[in-house]
Amino acid sequence: MKYNSYHFQYLAIFIFGALFFSNIGCQQSADVTHIEIKPYAIQQSAVFDSVAVVSAHPLASEIGKDILRQGGNAIDATVAVHFALAVVCPRAGNIGGGGFMMVRTAEGESAALDYREKAPAAATTDMYLDSLGNVIADISQKGHLAVGVPGTVDGMIKAHARFGKMKRFGDLVAPAVKLATEGYQISKAEADRLNEYQEVFRKFQNETSPFLKKGGWKSGDLLIQKNLGKTLQRIENQGREGFYRGETADLLVKEMERGGGIITKEDLVNYSSVWRDPIIGDYKNYRIISMPPPSSGGICLLQILEGVEDYPLAEYGFQSPESIHLITEAERRAYADRAEHLGDSDYYPVPVEKLSNPDYIRGRMADYDAKMATPSDSILAGNINISPESFETTHTSIIDAEGNAVSVTTTLNLNYGSKVIVEGAGFLLNDEMDDFSAKPGVPNFFGLVGAEANKIEPNKRMLSSMTPTIVEKDGKLFMVLGSPGGSTIITSVFQVFINVAEYGMSLPEAVAAKRFHHQWLPNTIMTEADMTIDTVALKAMGHVIDPKVRIGLVKAIHVLPEGKLSVSGDPRHADDDVAGW
Ligand code: DON
């Protein structure tokens, strides 16, 4: 592999990309010109003939492309990218977390893989409450008690077993073993982030942690993760057994015992990812295929799309007060349903059919007033905290030459998950337990409230907002997309799709366009910094505007009418990179 020659190999492409972006409109140029030359040059968008990969790191995208070159299909490439991200994107890429994968084969078969973490068997409904019944938020977000039973390794094995073309699963892990063992040069963004977290790392990691560095990290430093390399090697050689049993499992359980966590060997042995029926619904002549519970993504996305379908969005104009108001009202209703009705359908009778029924959704919009905001219930007001901290999930979209498509979103939840690293095994553990509703009506990190449907129960999966999505148009593959961003994932995916489908934008324009978000509670429209919208008109309708740093980091592929693939990372994230041919 040619990691050391990235700088030169891609410099020309990078310069071309920068020139391209600086010429496609004010929103894009403002965002893109800050991209610096790092150890790896980045290409954030391209049009390829037949094969496209987009991920959160150039080394991962390149590994995906290599697997496709070797004859692997989109699923093989996804698995290899996933393991690579566990090394080069330590804040979100993972083997200690979980995620969701949407697959659409060239023949049009679609499948949804749920490899979401599960609560340990010893988890209890009130495990994050103090003696007065108040939520102790910190322990569901940091440290050993915050950790759900990881699902990634089982998920990748199942994905490969069902859809992969490469014979040996281990060959898809091998590139990650090499990256972890030999190390790679970190970008400025990664160095800054690692420096920011040194203090909290020191609380949960000891001197063997590869992330601690006296004097701090700088761009271009080599990050070597020897213990992670050994763990990945065990997965390469032994598959599932290399993670859920034997040395890795022993080390994980030992780590739990050291820090007061509750995951046991039985939890690990019992973990299993699940194939589920995708959520499928129509918006005009588009078919939306997305993630069912335990993600809220598919149902909420469909509810928002169908909520606006009967109105002339394009005629209202891009981000005009009329269109922002309409979308906000559809979002408000979808997130209100999310809070009440959504959770793990293996544990709670989620009314999936009803919630995604077009008549039901139209009924929800029956009290829509085109002139006035509908008040949300202010009693349960959430306290959202969207900061750059909260962009730590990662999404990958891939289409191969045969036309197989994969949309996969994976996470440790917050930046570097629980901040706990498994000593001797070198991987970070998630803090996904915070996605449960620790107490009815009390918001989690993302300001999301929940109820019975998403309460903590042993072995249950916590509700997610991850929305890996595949869209067909007139029966043909049209778009593959997804995003990090916690609660804002769903609305980010919605907006990028609408920007292309309704406003006729190119994919890079659609991804770069500023975004807004409403989630019922808190009752505010969150807007990205420097957004040019008519706040006076929106306030007159009764909306409260709440500016945020940024919303979502979408990575998407759009199949152009002539069959070429327009692929785009998000200019909000300097390391997003596309690869293909
Ligand atoms: O599953 C979820 O919805 C969250 N755990 C995702 C977290 C996330 O997206 C964090 N940052 N972007």
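Note that the structure is a prediction, hence the values are computed from the model and not measured.

Cut-offs applied
- Residues numbered from 1 in each chain as written.
- Predicted model: local features only at pLDDT ≥ 70, side-chain atom pairs only at ≥ 80, totals over all residues.
- Heavy atoms only, no water.
- Pairing = 2+ DSSP bridges.
- Helix = DSSP H or I, 4+ residues; strand = E, 2+ residues; numbered from the N terminus.
- Axes fitted to C-alpha atoms, helices over the stretch in contact; angles between N-to-C directions.
- Contact = heavy atoms within 4.5 Å.
- Expected span 1.5 Å × (residues − 1).
- Buried < 20%, exposed > 50% of the residue type's maximum accessible area, 1.4 Å probe, protein only.
- Domains from an automatic or database assignment.
- Salt bridge = Lys/Arg side-chain N within 4 Å of Asp/Glu carboxyl O.
- Polar contact = N/O pair within 3.5 Å; in protein donor to acceptor, adjacent residues only side chain to side chain.
- Nonpolar A, V, L, I, M, F, W, Y, C, P; charged D, E, K, R; others polar.
- Left-handed = near helix turned anticlockwise from the far one by under 90°.

Participant: Looking at this model, I keep getting lost on the sheet that holds strand 9 (residues 286–290). Mind explaining?
Facilitator: One key point about sheets: their strands pair by backbone hydrogen bonds, in either a parallel or an antiparallel sense. Here seven strands make up an open sheet; going across it, the order is 1-18-17-13-12-9-8 and the pairing antiparallel. Looking at strand neighbours, the two that pair on one side only are strand 1 (45–48) and strand 8 (279–283), the edges of this open sheet. When strand polarity is set aside, the average angle formed by the axes of neighbouring strands in this sheet is 20 degrees. In this sheet, strand 18 (residues 565–568) lies alongside strand 1 in antiparallel orientation, the contact comprising four bridges.

Participant: Just checking my understanding: could you explain unusual backbone geometry for this structure?
Facilitator: Trans is the common state for peptide bonds, and a negative phi is the common state for residues other than glycine. The peptide bond linking Pro293 to Pro294 adopts the cis configuration, its omega dihedral lying at 15 degrees. Relative to the elements of secondary structure, Pro294 occurs in the loop between strand 9 and helix 15 (297–308). The omega angle of the peptide bond from Leu521 to Pro522 is 0 degrees, so this bond is cis rather than trans. By the element assignment, Pro522 lies in the loop between strand 14 (516–517) and strand 15 (525–528). Here Tyr416, not a glycine, exhibits a phi torsion of approximately 55 degrees, which is positive. One can find Tyr416 in the loop between strand 11 (405–411) and strand 12 (469–473).

Participant: Is there a simple way to explain the sheet that holds strand 19 (residues 577–580) in this structure?
Facilitator: Pairing within the open sheet is antiparallel, and its seven strands lie in the order 7-4-3-11-10-2-19. Every interior strand has two partners, whereas the edge strands, strand 7 (274–276) and strand 19, have only one. Recorded for the sheet is a direction-independent mean angle of 15 degrees between the axes of neighbouring strands. Here strand 2 (residues 52–55) pairs with strand 10 (residues 393–399) via three bridges, running antiparallel. Bridging from a neighbouring strand, Val53 pairs with Ile398 of strand 10. Where helix 4 (residues 58–69) meets the sheet, its contacts fall on strand 2, strand 10 and strand 19, and the angle it forms with strand 2 comes to roughly 155 degrees.

Participant: It is not clear to me how helix 7 (residues 152–163) should be interpreted in this structure. Could you clarify?
Facilitator: The periodicity of an α-helix, 3.6 residues per turn, causes residues three or four places apart in sequence to face the same way. If you check helix 7, its first and last C-alpha atoms are 16 Å apart, about what twelve residues at 1.5 Å a residue would give, namely 16 Å. What helix 7 keeps buried is the set Thr152, Val153, Asp154, Gly155, Met156, Ala159, His160 and Phe163.

Participant: Any chance you could explain the domain arrangement of the protein chain here in plain terms?
Facilitator: Much of the literature gives interface size as the accessible area that the parts lose upon coming together. The assigned domain composition of the protein chain is domain 1 (6–55 + 67–275 + 397–442) and domain 2 (277–390 + 465–580). Domain 1 and domain 2 are separated by 24 Å when their C-alpha centres are compared. Between domain 1 and domain 2, the residue contacts involve 54 residues of the former and 49 residues of the latter. At the junction of domain 1 and domain 2, the tally comes to two salt bridges. Glu472 is the partner of Arg104 in a salt bridge, and the nearest nitrogen-oxygen pair spans 2.8 Å. Inspection of the region where domain 1 meets domain 2 yields 18 residue pairs in polar contact (both at pLDDT 80 or more). Secondary structure elements with two or more residues in the side of domain 1 that touches domain 2: helix 3 (26–32), strand 1, strand 2, strand 3 (98–104), strand 4 (110–115), strand 10 and strand 11. Residue classes in the side of domain 1 that touches domain 2 are distributed as 27 nonpolar, 19 polar and eight charged.

Participant: In this structure, what is going on with the packing of helix 15 against helix 17 (residues 321–341)? I would like to understand it.
Facilitator: The axes of two packed helices give the description: the angle between them and the distance between them. One can describe the packing of helix 15 onto helix 17 by two numbers: an axis separation of 9 Å at closest approach and a directional angle of 145 degrees. Judged by the sense of rotation from one axis to the other, the crossing of helix 15 with helix 17 is right-handed. Contacts between helix 15 and helix 17 pair Cys300, Gln303, Ile304, Gly307 and Val308 from the former with Leu326, Ile327, Ala330, Glu331, Ala334, Tyr335, Asp337 and Arg338 from the latter. Classifying every residue of the contact of helix 15 with helix 17 by side-chain character gives eight nonpolar, two polar and three charged.

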